[in-house]
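# Residue-level structural notes
Listed below are the residues making up each chain.
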Amino acid sequence: MSSQSRKKWKTVLKSGNFKRKVNKYRSAVSQANSKNSIRFPEMNRQRKILKPKSSASHSPTSSFLHATDDETECSLEILRDGLDASIKPEDCGLLSAGHSESKLNEPSLALPNRDNEDDDSIDNKNYDVYKEMNLEMFLNKWSIDYRISHRALKPVLQKLNEHHPQLPVDPRRLLSTPRNKPKILTIEGGYYWHHSIEYSLRSFYERLSEPCTASININIDGLPLFKNGTAQVWPILISITERAEIPPIIAGIFHGNNKPKRVEEFLKPFVEEILPIISDGLLINNHKLTVKIRSIICDAPARAFVKGVQCFTA
């Protein structure tokens, strides 16, 4: 250690802030040790006595070296106290049983206690949703809800097909995986993907048994993809007021480094599809589903963008 480093270290050791922190830590460790000595007497260990300062040499350099050695021993003693206080109560059984201290660092093979868990609530969590489905619909929803991979689902389908020949063998057929790639439109400022609104409404109202009305809320907003960067997406979302349990429907998503340059290009696929649905409705199971727009929800910048209002800043 150079002389300059020694002077800096000596200044740090003499500072009042450092001494206050050491004394505060010592008092906290002593309190923890006193509690451990009452609860777990087998955990107490003999402490190493600090070496007294040597009086053989009285030069400033030698006295400083001895002082730093004693401070180092004191720091090690504080570290030992902290390690003793950090031993968990469940580890005391190993010490009392005659095991060596190295056993404390070995991973425990004991299984967690699950006696207090409510198994009935876990088993019956989604039972009400599944109980009215046939086997194919059950497998479809179950694999999606619990994210079962195609590789894990395929042998299950092959085994079940031996007893239920009506079931598909391929997971892609069970999950109705689209065979065609999604059509992505290139518009000014980025790319746009449009999802079929009619297909989404028909899938959610596939069990329609009487004429009804669906009041939809349309939300348009932009959000960044990363904290650092300009990439962002502008989704068009639809929610149904009468069916709060239905998740938001994605009508389309725009991706680019800025918001869409032209609002006409951005909203054209959505408007061209939603207008016939609003005017004519949808016929599902020989019953008419009437669709009407209840509200368009946007914040101030998105509302100005949708209305085609240009915002100028000073």
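On to the side chain of glutamate 273, then. Residue position: glutamate 273 is located in helix α11 (residues 263–280). Buried charge without a partner: glutamate 273 forms no salt bridge, and the closest opposite charge is arginine 202, 8.9 Å away. Engagement of the side chain of glutamate 273 in a polar contact is seen with the side chain of serine 196, the distance being 3.4 Å. Leave out the neighbours within four places in its chain, and glutamate 273 touches His194, His195, Ser196, Ile197 and Glu198.

Here we take up the packing of helix α10 (residues 197–204) against α11. Contact geometry for α10 and α11: axes closest at 9 Å, N-to-C directions at 45°. One finds that α10 runs oblique with respect to α11. Across the interface between the two elements, Ile197, Glu198 and Leu201 of α10 pack against Phe270, Glu273, Ile274 and Ile277 of α11. A class-by-class count of the residues in the contact of α10 with α11 yields five nonpolar, no polar and two charged.

Moving on to the pairing of strand β2 (residues 190–194). Bridge count between strand β1 (residues 184–187) and β2: four bridges; the pairing is antiparallel. Across the sheet, the residue bridging to isoleucine 184 is tryptophan 193, located in β2. In this antiparallel pair of consecutive strands, β1 and β2, the connection spans two residues, and glycine 189 shows a positive phi of 105°. Two strands pair when backbone bridges link them, and β2 and strand β6 (residues 249–256) are joined in this way by five bridges, in the antiparallel orientation. Counterpart to tyrosine 191 in the pairing with β6 is histidine 255.

Turning to the packing of aromatic side chains, a few remarks are in order. Tallying each qualifying case throughout the model produces four aromatic pairs. With centroids separated by 6.2 Å and ring planes inclined at 80°, the aromatic side chains of phenylalanine 254 and phenylalanine 266 adopt a geometry described as edge-to-face. With phenylalanine 254 in strand β6 and phenylalanine 266 in helix α11, the pair connects residues that are 12 residues apart, well separated along the chain. Judged by its relative accessible area of 0%, phenylalanine 254 is buried. According to the relative accessible area criterion, phenylalanine 266 is buried, its value standing at 0%. Each residue in the set Tyr192, Trp234, Phe254, Phe266 and Phe305 is aromatic and connected to the rest through ring pairs, giving one cluster.

Right, let's get into the environment of asparagine 219. With respect to the secondary-structure elements, asparagine 219 resides in strand β3 (residues 212–220). For asparagine 219, a relative accessible area of 27% translates into the label partly exposed. Linking asparagine 219 and leucine 237, residues 18 residues apart in sequence, is a C-alpha distance of 5.1 Å. Those residues in contact with asparagine 219 that lie beyond four places of it in its chain are Pro235, Ile236, Leu237 and Ile297.

Reading the values: the criteria
Starting from 1, residues in each chain are numbered consecutively following that chain's sequence as written. Local features in this predicted model are restricted to residues of pLDDT 70 or higher, and side-chain atom pairs are both shown and tallied only at a pLDDT of 80 or more, whereas totals for entire chains, interfaces and linings draw on every residue. Side-chain figures throughout are based on the complete set of non-hydrogen atoms in the structure, without hydrogens or water. By the criteria applied, helices consist of DSSP H or I runs no shorter than four residues and strands consist of E runs no shorter than two, each listed in order from the N terminus. Type-normalised accessible area, obtained with a 1.4 Å probe on protein chains alone, sets the label of each residue: buried when under 20%, exposed when over 50%, and partly exposed for intermediate values. His is not counted, nor are the chain ends; Lys and Arg add positive charge and Asp and Glu add negative charge. When a carboxyl oxygen of Asp or Glu is within 4 Å of a side-chain nitrogen of Lys or Arg, the pair counts as a salt bridge. For this analysis, a polar contact is any N or O atom pair within 3.5 Å, provided that within protein one partner can donate a hydrogen and the other can accept it, and provided that sequence-adjacent residues contribute only side-chain to side-chain pairs. Any two residues whose heavy atoms approach within 4.5 Å at even a single point are treated as in contact. As a rule, the C-alpha atoms of each element are fitted with a line to give its axis, helices using only the stretch in contact, and angles between N-to-C directions run from 0 to 180 degrees. By definition in this entry, angles of less than 35 degrees are roughly parallel, angles greater than 145 are roughly antiparallel, angles of 65 to 115 are roughly perpendicular, and the rest are oblique. Residue type decides the class: Asp, Glu, Lys and Arg count as charged, Ala, Val, Leu, Ile, Met, Phe, Trp, Tyr, Cys and Pro as nonpolar, and the leftover types, Gly among them, as polar. Pairing between strands requires that DSSP locate at least two bridges from one strand to the other. Each pair of aromatic rings taken from Phe, Tyr and Trp, with Trp reduced to its six-membered ring, is defined by centres within 6.5 Å and is described as stacked if the planes are under 30 degrees apart, edge-to-face if over 60, and tilted in the remaining cases.

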